[in-house]
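Survey of secondary and tertiary structure
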Amino acid sequence: MKTETSVHGLAASLHTARSAKKVIGFVPTMGNLHEGHLSLVREAKKICDVVVVSIFVNPTQFGPNEDFENYPRTLEQDSQLLVDVGCDIIFAPSVDQMYVKKPVITRIQVTELTEILCGASRPNHFDGVALIVTKLFNIVQPHYAFFGQKDFQQVAVVKQLVQDLNLNVEVIALPTVRAEDGLALSSRNVYLSVEQRAIAPLIYQSLLDAERTLHEGETLADVLAQTKERLQAAGFTIDYVEAFTPHLHFVQSTDKEFVLFVAVKLGTTRLIDNLYVKLIKD
Ligand code: PAF
């Protein structure tokens, strides 16, 4: 496995693979890797000849009062994990390498999809994601790019970006990987205290209970309200508990398929999760 820290170095490393028409897979990350990231690399290995994993804590997707400075940077540990799953190349550039001119004056903005959920509570977050993902796709030029469904809205934004800018990459979204108690794996889980970690699984539990009560015939509005109350009572600060269609449109009363979304804070740690619900049988 090679580690490249410059755009030129990565291009040189990928040159032979590209000339030999190898299939290139790409897993973009911000590091502090966990089983969720590793599952993306394993899937990439199944259909790609060469797998590139980027590790870059992208400043443009963090708000002024967010955790950019404190975001865990664990390159050595990440490299070991990536060797074990057969990653071929790590791309770990510096901020200066990725953003030569500062402040950054180019914007890539996916509208509509970013006006709700995390986009509403984290202004400019998805502009930063869209910019860095576009840059990384241009640099790596992968055939396939792999993302986790935990970041459901991010996947929708990236797919839209790829379609609208005619980027030559297929985006593959893979299921959320969870701890045994159901908590969605996230690099931010390391911020949780022992007490917070103990109540964090209630996020997924409340989504599963919401799904069950929907199947029992409760209305979506009531279920969302109950879920919110329950999480609040357990000590979470609610950012949102909402439902949208899988294409992130508002749910109509006739819709039988939608996604439940939760974003909460435990102390200063923001956690998100989602659950796809289908109320009709195939
Ligand atoms: O999901 C992430 O870790 C980041 O948003 C991504 C896609 C690597 C862009 O910085």
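Note that the structure is predicted; figures quoted are calculated from it, not measured.

Here we take up empty space enclosed by the protein. Sizing a probe to match a water molecule and rolling it over the atoms shows the empty space that remains. The final tally for this structure, using the stated rule, is two cavities of 30 Å³ or more. A total of three residues in the lining of the largest cavity trace back to one element, the largest contributor, which is strand E9 (residues 269-278). Residues that form the lining of the largest cavity fall into these classes: five nonpolar, two polar and two charged. Of the voids in this model, the second largest cavity is the one considered here, and its volume is about 40 Å³. Lining the second largest cavity, in full, are Leu-207, Ala-210, Val-223, Leu-224, Thr-227, Val-241, Leu-260, Phe-261 and Val-262. Each residue belonging to the lining of the second largest cavity can be placed in one class, and the counts come to eight nonpolar, one polar and no charged.

Spatially, the six strands line up as an open sheet ordered E1-E4-E3-E2-E5-E6, and their pairing is parallel. The strands lining the two open edges of the sheet, one partner per strand, are strand E1 (2-4) and strand E6 (170-174). This sheet shows a mean twist of 25° between the axes of neighbouring strands, independent of strand direction. In the sheet, strand E2 (residues 24-29) pairs with strand E5 (residues 144-148) via two bridges, with the strands oriented parallel. Counterpart to Gly-25 in the pairing with E5 is Tyr-144.

Bringing the environment of Gln-154 into the picture now. Position of Gln-154 relative to the elements: it lies in helix H7 (residues 152-164). Considering only alpha carbons, one finds Gln-154 and Cys-118, 36 residues apart in sequence, at a separation of 9.1 Å. For Gln-154, the residues in contact, after removing those within four places along its chain, are Phe-126, Val-129 and Phe-147.

With that settled, consider the environment of Val-277. With respect to the helices and strands, Val-277 occurs in strand E9. On the accessibility criterion, Val-277 (0% relative accessible area) is buried. Separated by 70 residues in the primary sequence, Val-277 and Leu-207 have C-alpha atoms spaced 9.7 Å apart. Every residue in contact with Val-277, bar those within four places of it in the chain, is listed here: Glu-211, Leu-214, Lys-256, Glu-257, Phe-258 and Leu-260.

Time to look at the pairing of strand E3 (residues 50-55). Of all six residues making up E3, six are buried, and the element is well covered by its neighbours. Side chains Val-50, Val-52 and Ser-54 of E3 all project onto a buried face; the interleaved residues Val-51, Val-53 and Ile-55 project onto the opposite face, where all are buried too. Bridge count between E2 and E3: six bridges; the pairing is parallel. Residue pairing across strands places Thr-29 opposite Ile-55, the latter belonging to E3. Once you follow E2 into helix H2 (residues 35-47) and on to E3, the crossover reads as right-handed. Two strands pair when backbone bridges link them, and E3 and strand E4 (residues 89-91) are joined in this way by three bridges, in the parallel orientation.

By volume, the second largest pocket amounts to about 360 Å³. If you go around the second largest pocket, you meet 20 residues; those closest to its centre are Thr-60, Gln-61, Phe-62, Pro-123 and Asn-124. Of the residues in the lining of the second largest pocket, the class split is eight nonpolar, eight polar and four charged.

So, about the packing of helix H9 (residues 202-215) against helix H10 (residues 220-233). At a minimum axis distance of 10 Å, the contact between H9 and H10 shows a crossing angle of 155°. Taken as axis vectors, H9 and H10 run roughly antiparallel relative to one another. Classified by chirality, the crossing of H10 by H9 is right-handed. Contacts between H9 and H10 involve Leu-202, Ile-203, Gln-205, Ser-206, Asp-209, Ala-210, Thr-213 and Leu-214 on the former and, on the latter, Leu-220, Val-223, Thr-227, Arg-230 and Leu-231. A per-class count over the contact of H9 with H10 returns seven nonpolar, four polar and two charged.

What counts and what doesn't
Residues numbered from 1 in each chain as written. Predicted model: local features only at pLDDT ≥ 70, side-chain atom pairs only at ≥ 80, totals over all residues. Heavy atoms only, no water. 1 Å grid on protein atoms, 1.4 Å probe; cavity = no way out; pocket = protein on both sides within 12 Å on 5 of 7 lines; lining within 4 Å. Points joined across faces, edges and corners; volume = space filled by probe spheres on them. Helix = DSSP H or I, 4+ residues; strand = E, 2+ residues; numbered from the N terminus. Nonpolar A, V, L, I, M, F, W, Y, C, P; charged D, E, K, R; others polar. Pairing = 2+ DSSP bridges. Axes fitted to C-alpha atoms, helices over the stretch in contact; angles between N-to-C directions. Contact = heavy atoms within 4.5 Å. Buried < 20%, exposed > 50% of the residue type's maximum accessible area, 1.4 Å probe, protein only. Right-handed = clockwise from strand over helix to strand, strands pointing away. Parallel < 35°, antiparallel > 145°, perpendicular 65-115°, else oblique. Left-handed = near helix turned anticlockwise from the far one by under 90°.

Just geometry here; none of it tells us what the structure is for.
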